[in-house]
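Summary of structural features
Residue-level listing of the chains:
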Amino acid sequence: MPAVAQELSGTLKIFSDMSNPAPRAVMEDMAARFDEMHPDLTVEVTIIDREAYKTQIRNFLTANPPDVANWYAANRMRPYVDAGLFEDISDLWDEPEIAENLVSTEGAMTIDGKQWGVPYTYYQWGVYYREDIYNELGLEEPQDWETFKSNCQAILDSGRKCFTIGTKFLWTAGGWFDYLNMRTNGYDFHMALTNGEVEWTDDRVRQTFANWRELIDMGAFIDNHQSYSWQEALPFMVNGEAAAYLMGNFAVAPLRDAGLSDDQLDFYQFPAINADVELAEDAPTDTFHIPSGAENKDAARAFLRFVVSADNQTQINAGDALGQLPVNASSSVDDDEMLKQGFEMLSSNSPGGVAQFFDRDAPAEMASVAMEGFQEFMVFPDNLDDILGRLEQARQRIY
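Overview of the structure.

Thresholds applied
- Residues numbered from 1 in each chain as written.
- Predicted model: local features only at pLDDT ≥ 70, side-chain atom pairs only at ≥ 80, totals over all residues.
- Heavy atoms only, no water.
- Core = buried A, V, L, I, M, F, W, Y, C linked by side-chain atoms within 4.5 Å.
- Buried < 20%, exposed > 50% of the residue type's maximum accessible area, 1.4 Å probe, protein only.
- Helix = DSSP H or I, 4+ residues; strand = E, 2+ residues; numbered from the N terminus.
- Contact = heavy atoms within 4.5 Å.
- Phe/Tyr/Trp six-rings, centres within 6.5 Å; stacked < 30°, edge-to-face > 60°.
- 1 Å grid on protein atoms, 1.4 Å probe; cavity = no way out; pocket = protein on both sides within 12 Å on 5 of 7 lines; lining within 4 Å.
- Points joined across faces, edges and corners; volume = space filled by probe spheres on them.
- Pairing = 2+ DSSP bridges.
- Axes fitted to C-alpha atoms, helices over the stretch in contact; angles between N-to-C directions.

**Details of the nonpolar core**
- In terms of nonpolar packing, the biggest core is built from 129 residues, with Trp-176, Trp-200, Trp-212, Phe-303 and Phe-374 touching the most fellow members.
- Ranked by residue count, the leading element in this core is helix α15 (residues 297–308), at eight residues.
- Look past the residues within four positions of Trp-212 in its chain and what remains in contact with it is Ala-173, Trp-176, Phe-177, Leu-180, Phe-221, Phe-374, Phe-377 and Met-378.

Next up, the structure:
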(Lines give C-alpha, C1' and ligand atoms only; values in the text may rest on other atoms or scores of the structure.)
Protein backbone atom coordinates (compact mmCIF):
# COMPACT_ATOMS: atom_id res chain seq x y z
CA MET A 1 0.00 0.00 0.00
CA PRO A 2 1.53 3.34 -1.03
CA ALA A 3 0.04 4.96 2.09
CA VAL A 4 2.24 2.87 4.38
CA ALA A 5 5.42 2.99 2.31
CA GLN A 6 5.44 6.76 2.04
CA GLU A 7 7.56 8.76 4.47
CA LEU A 8 5.15 11.47 5.55
CA SER A 9 6.18 14.36 7.74
CA GLY A 10 5.01 17.74 8.93
CA THR A 11 1.42 18.36 10.00
CA LEU A 12 -1.78 17.08 8.42
CA LYS A 13 -4.66 19.44 9.24
CA ILE A 14 -8.16 17.96 8.91
CA PHE A 15 -11.40 19.97 9.23
CA SER A 16 -14.49 17.85 9.84
CA ASP A 17 -18.22 18.41 10.30
CA MET A 18 -18.65 15.04 12.05
CA SER A 19 -19.94 16.72 15.20
CA ASN A 20 -22.59 14.24 16.40
CA PRO A 21 -21.14 11.93 19.10
CA ALA A 22 -20.80 8.67 17.11
CA PRO A 23 -19.28 10.23 13.95
CA ARG A 24 -16.99 12.39 16.07
CA ALA A 25 -15.55 9.32 17.80
CA VAL A 26 -15.06 7.66 14.39
CA MET A 27 -13.26 10.70 12.97
CA GLU A 28 -10.97 11.05 15.98
CA ASP A 29 -10.14 7.32 15.97
CA MET A 30 -9.48 7.28 12.22
CA ALA A 31 -7.09 10.24 12.53
CA ALA A 32 -5.33 8.59 15.50
CA ARG A 33 -4.84 5.32 13.57
CA PHE A 34 -3.41 7.19 10.58
CA ASP A 35 -1.18 9.22 12.90
CA GLU A 36 0.17 6.00 14.45
CA MET A 37 1.08 4.62 11.00
CA HIS A 38 3.25 7.68 10.31
CA PRO A 39 5.62 8.45 13.22
CA ASP A 40 6.99 11.66 11.64
CA LEU A 41 3.56 13.09 10.86
CA THR A 42 1.35 15.06 13.25
CA VAL A 43 -2.38 14.80 12.53
CA GLU A 44 -4.54 17.67 13.82
CA VAL A 45 -8.33 17.36 13.66
CA THR A 46 -10.67 20.33 14.09
CA ILE A 47 -14.33 19.38 14.49
CA ILE A 48 -16.92 22.06 13.68
CA ASP A 49 -20.67 21.86 14.35
CA ARG A 50 -22.39 20.47 11.27
CA GLU A 51 -24.74 23.41 10.63
CA ALA A 52 -21.99 25.97 11.33
CA TYR A 53 -19.62 24.15 8.99
CA LYS A 54 -21.97 24.74 6.06
CA THR A 55 -21.70 28.51 6.52
CA GLN A 56 -17.94 28.51 7.22
CA ILE A 57 -16.55 26.21 4.54
CA ARG A 58 -16.14 28.77 1.78
CA ASN A 59 -14.27 31.12 4.10
CA PHE A 60 -11.78 28.58 5.38
CA LEU A 61 -11.20 27.04 1.94
CA THR A 62 -10.35 30.52 0.67
CA ALA A 63 -8.50 32.10 3.59
CA ASN A 64 -6.77 29.39 5.61
CA PRO A 65 -7.37 25.97 4.10
CA PRO A 66 -6.72 22.71 5.95
CA ASP A 67 -5.11 19.77 4.11
CA VAL A 68 -8.28 17.68 4.16
CA ALA A 69 -11.92 18.71 4.60
CA ASN A 70 -15.22 16.85 4.82
CA TRP A 71 -18.02 17.66 2.41
CA TYR A 72 -20.65 16.04 0.20
CA ALA A 73 -20.83 14.57 -3.29
CA ALA A 74 -22.46 15.72 -6.53
CA ASN A 75 -23.85 19.25 -6.85
CA ARG A 76 -22.93 20.12 -3.27
CA MET A 77 -19.23 20.10 -4.23
CA ARG A 78 -19.71 21.93 -7.53
CA PRO A 79 -19.40 25.52 -6.17
CA TYR A 80 -15.98 24.70 -4.68
CA VAL A 81 -14.87 22.83 -7.79
CA ASP A 82 -15.98 25.75 -10.00
CA ALA A 83 -14.21 28.25 -7.71
CA GLY A 84 -10.96 26.25 -7.91
CA LEU A 85 -11.00 25.52 -4.16
CA PHE A 86 -10.91 21.68 -4.37
CA GLU A 87 -7.92 19.76 -5.76
CA ASP A 88 -8.38 17.48 -8.78
CA ILE A 89 -7.55 13.99 -7.46
CA SER A 90 -8.28 12.01 -10.63
CA ASP A 91 -4.81 10.42 -10.22
CA LEU A 92 -6.06 8.60 -7.09
CA TRP A 93 -9.08 7.31 -9.01
CA ASP A 94 -6.69 5.84 -11.61
CA GLU A 95 -5.14 3.59 -8.94
CA PRO A 96 -6.60 0.05 -9.29
CA GLU A 97 -7.52 -0.25 -5.60
CA ILE A 98 -9.79 2.80 -5.89
CA ALA A 99 -10.90 2.42 -9.52
CA GLU A 100 -12.13 -1.15 -9.00
CA ASN A 101 -13.67 -0.88 -5.55
CA LEU A 102 -15.37 2.54 -5.56
CA VAL A 103 -17.08 2.32 -8.93
CA SER A 104 -20.60 2.72 -7.45
CA THR A 105 -19.81 6.25 -6.23
CA GLU A 106 -17.53 7.44 -9.03
CA GLY A 107 -20.36 9.30 -10.80
CA ALA A 108 -21.18 11.24 -7.64
CA MET A 109 -17.52 12.33 -7.31
CA THR A 110 -17.10 13.39 -10.95
CA ILE A 111 -17.51 16.88 -12.41
CA ASP A 112 -16.25 17.76 -15.91
CA GLY A 113 -14.79 14.28 -16.29
CA LYS A 114 -12.51 14.62 -13.24
CA GLN A 115 -12.76 13.38 -9.65
CA TRP A 116 -12.64 15.91 -6.82
CA GLY A 117 -12.77 13.84 -3.64
CA VAL A 118 -13.37 10.41 -2.19
CA PRO A 119 -16.49 9.02 -0.49
CA TYR A 120 -16.17 7.59 3.00
CA THR A 121 -19.72 6.49 3.70
CA TYR A 122 -23.20 6.45 2.31
CA TYR A 123 -26.46 5.40 3.78
CA GLN A 124 -29.97 4.53 2.85
CA TRP A 125 -33.07 6.61 3.40
CA GLY A 126 -36.41 4.99 3.98
CA VAL A 127 -39.20 4.56 6.49
CA TYR A 128 -38.14 3.53 10.00
CA TYR A 129 -41.17 2.37 11.90
CA ARG A 130 -42.43 1.01 15.21
CA GLU A 131 -42.79 -2.68 14.44
CA ASP A 132 -44.63 -3.26 17.73
CA ILE A 133 -47.28 -0.65 16.84
CA TYR A 134 -47.75 -2.15 13.36
CA ASN A 135 -48.14 -5.60 14.95
CA GLU A 136 -50.64 -4.28 17.51
CA LEU A 137 -52.74 -2.76 14.69
CA GLY A 138 -52.27 -5.75 12.34
CA LEU A 139 -50.47 -3.71 9.65
CA GLU A 140 -48.05 -4.97 7.01
CA GLU A 141 -45.13 -3.09 5.44
CA PRO A 142 -46.78 -1.25 2.51
CA GLN A 143 -45.75 -2.09 -1.05
CA ASP A 144 -48.04 0.46 -2.67
CA TRP A 145 -49.54 3.91 -2.08
CA GLU A 146 -53.04 2.71 -1.18
CA THR A 147 -51.70 0.47 1.59
CA PHE A 148 -49.38 3.27 2.75
CA LYS A 149 -52.43 5.52 3.21
CA SER A 150 -54.72 2.87 4.72
CA ASN A 151 -51.97 2.00 7.24
CA CYS A 152 -51.76 5.68 8.05
CA GLN A 153 -55.51 5.90 8.62
CA ALA A 154 -55.41 2.93 11.00
CA ILE A 155 -52.56 4.58 12.93
CA LEU A 156 -54.50 7.87 13.14
CA ASP A 157 -57.60 5.98 14.30
CA SER A 158 -55.51 4.51 17.14
CA GLY A 159 -54.80 8.04 18.41
CA ARG A 160 -51.28 8.33 17.03
CA LYS A 161 -49.66 10.28 14.19
CA CYS A 162 -48.33 8.35 11.19
CA PHE A 163 -45.06 10.26 10.89
CA THR A 164 -42.79 12.31 13.04
CA ILE A 165 -40.71 15.01 11.33
CA GLY A 166 -38.84 18.14 12.35
CA THR A 167 -38.68 20.81 9.64
CA LYS A 168 -36.96 23.59 11.59
CA PHE A 169 -33.87 22.90 9.45
CA LEU A 170 -35.60 22.57 6.12
CA TRP A 171 -33.84 19.55 4.58
CA THR A 172 -36.14 17.00 6.25
CA ALA A 173 -39.06 18.25 4.13
CA GLY A 174 -36.74 17.81 1.14
CA GLY A 175 -36.62 14.08 1.89
CA TRP A 176 -40.40 13.84 1.61
CA PHE A 177 -40.36 15.78 -1.65
CA ASP A 178 -37.60 13.57 -3.09
CA TYR A 179 -39.46 10.34 -2.39
CA LEU A 180 -42.89 11.57 -3.45
CA ASN A 181 -41.48 13.06 -6.65
CA MET A 182 -39.28 10.06 -7.52
CA ARG A 183 -42.22 7.69 -6.87
CA THR A 184 -44.68 9.89 -8.80
CA ASN A 185 -42.50 10.90 -11.75
CA GLY A 186 -39.30 8.84 -11.60
CA TYR A 187 -35.60 9.46 -11.13
CA ASP A 188 -34.88 11.07 -14.52
CA PHE A 189 -37.68 13.61 -14.04
CA HIS A 190 -36.49 14.35 -10.51
CA MET A 191 -32.92 14.97 -11.70
CA ALA A 192 -34.17 17.13 -14.58
CA LEU A 193 -36.15 19.21 -12.06
CA THR A 194 -33.18 19.66 -9.71
CA ASN A 195 -31.07 20.56 -12.76
CA GLY A 196 -33.46 23.38 -13.64
CA GLU A 197 -34.81 21.77 -16.82
CA VAL A 198 -38.46 21.49 -15.71
CA GLU A 199 -40.84 24.27 -14.70
CA TRP A 200 -42.04 24.10 -11.09
CA THR A 201 -45.55 24.87 -12.33
CA ASP A 202 -45.51 21.69 -14.51
CA ASP A 203 -48.52 19.40 -13.97
CA ARG A 204 -46.22 16.52 -13.03
CA VAL A 205 -44.78 18.58 -10.17
CA ARG A 206 -48.33 19.46 -9.11
CA GLN A 207 -49.15 15.76 -9.01
CA THR A 208 -46.30 15.21 -6.54
CA PHE A 209 -47.77 17.90 -4.29
CA ALA A 210 -51.26 16.48 -4.72
CA ASN A 211 -50.00 13.13 -3.41
CA TRP A 212 -48.26 14.88 -0.52
CA ARG A 213 -51.43 16.81 0.26
CA GLU A 214 -53.38 13.58 0.74
CA LEU A 215 -51.14 12.81 3.72
CA ILE A 216 -51.22 16.39 5.05
CA ASP A 217 -55.02 16.54 4.86
CA MET A 218 -55.28 13.23 6.75
CA GLY A 219 -53.22 14.74 9.57
CA ALA A 220 -50.41 12.24 9.00
CA PHE A 221 -47.61 14.42 10.40
CA ILE A 222 -46.99 15.56 13.97
CA ASP A 223 -48.19 19.06 14.88
CA ASN A 224 -45.80 22.05 15.02
CA HIS A 225 -43.06 20.16 13.17
CA GLN A 226 -41.62 23.48 11.99
CA SER A 227 -40.42 24.14 15.55
CA TYR A 228 -38.38 20.92 15.87
CA SER A 229 -35.00 19.82 14.52
CA TRP A 230 -34.81 16.21 13.28
CA GLN A 231 -33.37 15.15 16.65
CA GLU A 232 -36.12 16.95 18.57
CA ALA A 233 -38.69 14.98 16.54
CA LEU A 234 -37.26 11.60 17.64
CA PRO A 235 -39.13 11.40 21.02
CA PHE A 236 -42.52 11.29 19.24
CA MET A 237 -41.50 7.97 17.73
CA VAL A 238 -39.70 6.73 20.85
CA ASN A 239 -42.79 7.48 22.99
CA GLY A 240 -45.13 5.86 20.47
CA GLU A 241 -46.98 9.10 19.67
CA ALA A 242 -45.93 8.69 16.03
CA ALA A 243 -45.43 5.36 14.29
CA ALA A 244 -42.71 6.12 11.72
CA TYR A 245 -40.00 8.46 10.47
CA LEU A 246 -38.89 8.96 6.86
CA MET A 247 -35.21 9.52 7.52
CA GLY A 248 -31.65 8.46 6.80
CA ASN A 249 -30.07 5.52 8.57
CA PHE A 250 -28.24 7.90 10.95
CA ALA A 251 -31.51 8.07 12.93
CA VAL A 252 -31.16 4.44 14.02
CA ALA A 253 -28.41 4.97 16.61
CA PRO A 254 -30.28 7.70 18.56
CA LEU A 255 -33.53 5.68 18.38
CA ARG A 256 -31.73 2.67 19.86
CA ASP A 257 -29.94 4.87 22.42
CA ALA A 258 -33.35 6.18 23.49
CA GLY A 259 -34.40 2.63 24.32
CA LEU A 260 -36.07 1.15 21.23
CA SER A 261 -35.11 -2.51 20.77
CA ASP A 262 -34.79 -4.37 17.48
CA ASP A 263 -38.19 -5.92 18.27
CA GLN A 264 -39.69 -2.42 18.23
CA LEU A 265 -37.81 -0.93 15.28
CA ASP A 266 -37.86 -1.95 11.63
CA PHE A 267 -37.38 -0.47 8.16
CA TYR A 268 -39.18 -0.52 4.83
CA GLN A 269 -38.52 0.93 1.40
CA PHE A 270 -40.78 3.86 0.49
CA PRO A 271 -43.56 2.17 -1.51
CA ALA A 272 -44.43 2.59 -5.17
CA ILE A 273 -46.95 5.32 -6.07
CA ASN A 274 -46.87 5.15 -9.89
CA ALA A 275 -46.48 1.53 -11.01
CA ASP A 276 -44.83 2.67 -14.28
CA VAL A 277 -41.92 4.26 -12.42
CA GLU A 278 -38.84 2.27 -11.32
CA LEU A 279 -37.94 2.63 -7.64
CA ALA A 280 -35.10 5.07 -6.98
CA GLU A 281 -33.57 5.95 -3.63
CA ASP A 282 -31.85 8.77 -1.82
CA ALA A 283 -28.42 7.56 -0.67
CA PRO A 284 -26.35 10.63 0.24
CA THR A 285 -22.60 10.17 -0.04
CA ASP A 286 -20.28 11.90 2.45
CA THR A 287 -16.83 12.81 1.22
CA PHE A 288 -13.28 13.97 1.93
CA HIS A 289 -11.55 16.57 -0.24
CA ILE A 290 -8.13 18.15 -0.53
CA PRO A 291 -8.41 21.96 -0.66
CA SER A 292 -6.36 23.32 -3.56
CA GLY A 293 -4.55 25.60 -1.07
CA ALA A 294 -3.52 22.67 1.17
CA GLU A 295 0.11 22.70 2.35
CA ASN A 296 0.67 18.95 2.87
CA LYS A 297 -0.84 17.37 -0.22
CA ASP A 298 1.28 14.19 -0.05
CA ALA A 299 -0.04 13.40 3.41
CA ALA A 300 -3.56 14.42 2.34
CA ARG A 301 -3.52 11.97 -0.60
CA ALA A 302 -2.19 9.21 1.65
CA PHE A 303 -4.98 9.92 4.14
CA LEU A 304 -7.64 9.70 1.40
CA ARG A 305 -6.24 6.31 0.30
CA PHE A 306 -6.40 5.16 3.92
CA VAL A 307 -9.98 6.42 4.33
CA VAL A 308 -11.31 4.37 1.39
CA SER A 309 -9.29 1.21 2.05
CA ALA A 310 -11.46 -1.90 2.48
CA ASP A 311 -10.50 -2.55 6.12
CA ASN A 312 -11.02 1.03 7.21
CA GLN A 313 -14.34 1.17 5.35
CA THR A 314 -15.54 -1.94 7.17
CA GLN A 315 -14.41 -0.54 10.52
CA ILE A 316 -15.80 3.02 10.29
CA ASN A 317 -19.16 1.95 8.85
CA ALA A 318 -19.79 -0.80 11.42
CA GLY A 319 -22.94 -0.70 13.53
CA ASP A 320 -21.03 0.48 16.60
CA ALA A 321 -19.36 3.26 14.58
CA LEU A 322 -21.10 5.26 11.78
CA GLY A 323 -23.68 2.50 11.35
CA GLN A 324 -23.76 3.11 7.60
CA LEU A 325 -22.75 1.41 4.38
CA PRO A 326 -19.14 1.04 3.22
CA VAL A 327 -18.38 2.45 -0.22
CA ASN A 328 -15.57 -0.03 -0.92
CA ALA A 329 -16.98 -3.12 -2.66
CA SER A 330 -14.40 -5.33 -0.92
CA SER A 331 -15.57 -4.27 2.53
CA SER A 332 -18.03 -6.28 4.57
CA VAL A 333 -21.37 -4.97 5.80
CA ASP A 334 -21.90 -5.06 9.52
CA ASP A 335 -24.22 -7.71 10.97
CA ASP A 336 -26.95 -5.17 11.61
CA GLU A 337 -30.60 -5.57 10.68
CA MET A 338 -31.01 -2.05 9.24
CA LEU A 339 -27.70 -2.00 7.37
CA LYS A 340 -28.37 -5.38 5.76
CA GLN A 341 -31.78 -4.18 4.58
CA GLY A 342 -30.26 -0.96 3.27
CA PHE A 343 -27.39 -2.71 1.51
CA GLU A 344 -29.83 -5.17 -0.06
CA MET A 345 -32.16 -2.36 -1.16
CA LEU A 346 -29.43 -0.20 -2.70
CA SER A 347 -27.68 -3.19 -4.29
CA SER A 348 -30.69 -4.93 -5.80
CA ASN A 349 -33.92 -2.96 -5.46
CA SER A 350 -33.26 0.58 -6.63
CA PRO A 351 -33.29 0.03 -10.40
CA GLY A 352 -34.39 3.63 -10.95
CA GLY A 353 -31.10 5.04 -9.67
CA VAL A 354 -29.53 6.62 -6.60
CA ALA A 355 -30.05 10.33 -5.92
CA GLN A 356 -27.89 12.30 -3.50
CA PHE A 357 -30.64 14.27 -1.73
CA PHE A 358 -32.60 17.38 -2.68
CA ASP A 359 -30.15 19.90 -1.20
CA ARG A 360 -27.22 18.09 -2.81
CA ASP A 361 -28.77 17.51 -6.24
CA ALA A 362 -30.11 21.07 -6.62
CA PRO A 363 -27.82 24.12 -6.50
CA ALA A 364 -27.63 25.58 -2.98
CA GLU A 365 -29.70 28.70 -3.70
CA MET A 366 -32.47 26.75 -5.45
CA ALA A 367 -32.45 24.11 -2.70
CA SER A 368 -32.86 26.78 -0.05
CA VAL A 369 -35.83 28.50 -1.74
CA ALA A 370 -37.48 25.20 -2.63
CA MET A 371 -37.14 23.67 0.83
CA GLU A 372 -38.64 26.80 2.40
CA GLY A 373 -41.54 26.21 0.00
CA PHE A 374 -41.84 22.54 1.03
CA GLN A 375 -42.00 23.48 4.71
CA GLU A 376 -44.58 26.20 4.02
CA PHE A 377 -46.66 23.73 1.98
CA MET A 378 -46.69 21.25 4.87
CA VAL A 379 -48.08 23.95 7.18
CA PHE A 380 -50.23 25.88 4.66
CA PRO A 381 -51.05 23.53 1.76
CA ASP A 382 -53.52 26.08 0.30
CA ASN A 383 -50.51 28.29 -0.55
CA LEU A 384 -49.37 25.87 -3.26
CA ASP A 385 -49.93 28.19 -6.25
CA ASP A 386 -47.95 30.99 -4.60
CA ILE A 387 -45.19 28.59 -3.62
CA LEU A 388 -44.84 27.08 -7.09
CA GLY A 389 -44.88 30.53 -8.70
CA ARG A 390 -42.08 31.64 -6.38
CA LEU A 391 -40.06 28.49 -7.09
CA GLU A 392 -40.49 28.95 -10.83
CA GLN A 393 -39.27 32.57 -10.60
CA ALA A 394 -36.26 31.34 -8.62
CA ARG A 395 -35.56 28.64 -11.22
CA GLN A 396 -35.51 31.19 -14.03
CA ARG A 397 -33.16 33.44 -12.07
CA ILE A 398 -30.76 30.81 -10.69
CA TYR A 399 -29.99 28.44 -13.55
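There's plenty left to go through after this.
**Considering the packing of aromatic side chains**
- Counting across every chain of the model gives 42 aromatic pairs.
- Centre to centre, the rings of Trp-71 and Tyr-72 are 4.9 Å apart; their planes meet at 45°, and the pair counts as tilted. Accessibility classification places Trp-71 together with Tyr-72 in one group, the buried group.
- Where Trp-176 meets Phe-270, the ring centres are 5.8 Å apart and the plane angle is 80°; that geometry is what we call edge-to-face. On the criterion of sequence distance, the pair formed by Trp-176 in helix α10 (residues 171–185) and Phe-270 in the loop between β10 (265–268) and β11 (280–282) is long-range, its members being 94 residues apart.
- Accessibility expressed as a relative area gives 0% for Trp-176, which makes it buried.
- On the accessibility criterion, Phe-270 (1% relative accessible area) is buried.
- Three or more aromatic residues joined by ring pairs make a cluster, and in this case those are Phe-15, Tyr-53, Phe-60, Trp-71, Tyr-72, Tyr-80 and Phe-86.

**Here we look at empty space enclosed by the protein**
- Per the stated rule, a full pass over the model turns up one cavity of 30 Å³ or more.
- Size it by volume and the largest cavity reaches roughly 30 Å³.
- As for the largest cavity, its lining consists of Tyr-134, Phe-148, Asn-151, Cys-152, Ile-155, Cys-162, Phe-163 and Tyr-268.
- Put simply, the parts of the chain that give the lining of the largest cavity at least two residues each are α9 (145–157) and β8 (161–163).

**Considerations on the pairing of strand β9 (residues 242–248)**
- Extensive coverage of β9 is indicated by the burial of seven of its seven residues.
- Across five bridges, strand β7 (residues 125–130) lies against β9 in antiparallel orientation. Following the sheet pairing, Trp-125 is matched in β9 by Gly-248.
- Sheet topology places β8 next to β9; two bridges connect them, and they run parallel. Its bridge partner being in β9, Phe-163 is matched across the sheet by Ala-244.

**Topic: the sheet that holds β10**
- Taken in spatial order, the four strands make up an open sheet running β8-β9-β7-β10, and their pairing is mixed. One side of each edge strand has no neighbouring strand; the edge strands of this open sheet are β8 and β10. Shown here is a sheet whose adjacent strand axes are inclined to one another by a mean of 25°, direction ignored.
- Helix-sheet contacts for α9 involve β8, β9 and β10, and the interaxial angle to β8 is about 140°.
- Sitting on the sheet, helix α17 (residues 337–348) is in contact with β7 and β10, with an inclination near 5° to β10.

Don't take any of this as a statement about function, it's just geometry.
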